[in-house]
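Take a look at the letters that make up each chain.
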Amino acid sequence: MSLDAIECCPSVLETPIDEAQAIDLAQAFAALADPVRLRLFSMIATANGACSCDLVDPIGKSQPTVSHHTRVLAEAGLIIGEKSGRWVIWSVVPEQIDRVRAALAIAP
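The present account deals with the structure reproduced in this document.

Cut-offs and rules
Residues numbered from 1 in each chain as written. Predicted model: local features only at pLDDT ≥ 70, side-chain atom pairs only at ≥ 80, totals over all residues. Heavy atoms only, no water. Helix = DSSP H or I, 4+ residues; strand = E, 2+ residues; numbered from the N terminus. Contact = heavy atoms within 4.5 Å. Buried < 20%, exposed > 50% of the residue type's maximum accessible area, 1.4 Å probe, protein only. Arc of directions from axis to C-beta. Pairing = 2+ DSSP bridges. Core = buried A, V, L, I, M, F, W, Y, C linked by side-chain atoms within 4.5 Å. Axes fitted to C-alpha atoms, helices over the stretch in contact; angles between N-to-C directions. Parallel < 35°, antiparallel > 145°, perpendicular 65-115°, else oblique. Nonpolar A, V, L, I, M, F, W, Y, C, P; charged D, E, K, R; others polar. Salt bridge = Lys/Arg side-chain N within 4 Å of Asp/Glu carboxyl O.

A few words now on the side chain of Arg 37. Relative to the helices and strands, Arg 37 is located in helix α3 (residues 35-46). If we skip the residues at most four places from it in the chain, Arg 37 touches Ala 30, Ala 31, His 68, His 69, Val 72 and Leu 73.

All right, on to helix α6 (residues 94-104) then. Where α6 is concerned, the buried positions are Gln 96, Ile 97 and Val 100. Buried residues of α6 fall within an arc of 100° about the axis and therefore sit on the same side. Opposite its buried face, α6 presents the exposed residues Glu 95, Arg 101 and Ala 102, each directed more than 90 degrees away. The elements touched by buried residues of α6 are α2 (19-32), α3 and β3 (87-92).

A few words now on the sheet that holds strand β1 (residues 50-51). Pairing is antiparallel across the open sheet formed by 3 strands, whose spatial order is β1-β3-β2. Each edge of the open sheet carries a strand with a single partner, namely β1 and β2 (79-84). Relative to β3, β2 runs antiparallel, the two sharing 6 bridges. Note that in β3 the partner of Glu 82 across the bridge is Ile 89.

On to the nonpolar core, then. General note: in soluble globular proteins, nonpolar side chains tend to be found buried as a group. Among the nonpolar cores identified, the biggest contains 22 residues, and Leu 40, Phe 41, Leu 55, Leu 73 and Leu 78 are the most heavily contacted of them. Secondary-structure elements contributing two or more residues to this core are α2, α3, α4 (56-59), α5 (63-75), β3 and α6. Residues within four places of Leu 40 in sequence aside, it is in contact with Leu 55, Ile 59, Val 66, His 69, Thr 70 and Leu 73.

What follows concerns the packing of α3 against α5. Helices that pack against each other are described as a pair by the angle of their axes relative to one another and the distance between those axes. Packing of α3 against α5 leaves a shortest axis separation of 10 Å and a crossing angle of 75°. What the angle tells us is that α3 and α5 run roughly perpendicular. From α3, Val 36, Arg 37, Leu 40 and Phe 41 reach across to α5, where they touch Val 66, His 68, His 69, Thr 70, Val 72 and Leu 73. When the residues that make up the contact of α3 with α5 are grouped by side-chain class, the tally is 6 nonpolar, 3 polar and 1 charged.

A few words on the pattern of salt bridges. A side chain of one charge can pair with a side chain of the opposite charge when the charged atoms of the two come close. Using the criterion set out here, one finds 3 salt bridges in the structure. Close ionic contact of Arg 99 with Asp 24 constitutes a salt bridge, the shortest N to O distance being 2.6 Å. You can see Arg 99 sitting in helix α6 and its partner Asp 24 sitting in helix α2, a full 75 residues away along the chain. Judged by relative accessible area, Arg 99 falls into the partly exposed class, the value being 43%. We classify Asp 24 as partly exposed; its relative accessible area is 24%. Of the charged contacts in the structure, one is a salt bridge between Glu 75 and Arg 71, with a shortest N-O distance of 3.6 Å. Here Arg 71 and Glu 75 lie together in helix α5, a separation of 4 residues that amounts to about one turn. Taking relative accessible area as the criterion, Arg 71 reaches 43% and is therefore assigned partly exposed.

What follows is the structure, given as structure tokens:
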């Protein structure tokens, strides 16, 4: 292999994320890999927050199913809920979204 070929290729040791970050991001990606959760996340993000009561009909799933999926998204750190009576108001966690976005960004 020529020296020019070696110099033009980046080092695989200059990994942009470490093992702990990879585990954290994998949980977020796994949560988003489900079509129902991806749709729920999209609805919450687009509306800048949403009541769980408003997520049931558009998704076409039962309230317990929506609760399960929002819990998975929350455990992945993608959304956070605030109790309001018997419902929960969900909103995205901007810091986690920024980390997911940064992990997907291609270096110039």
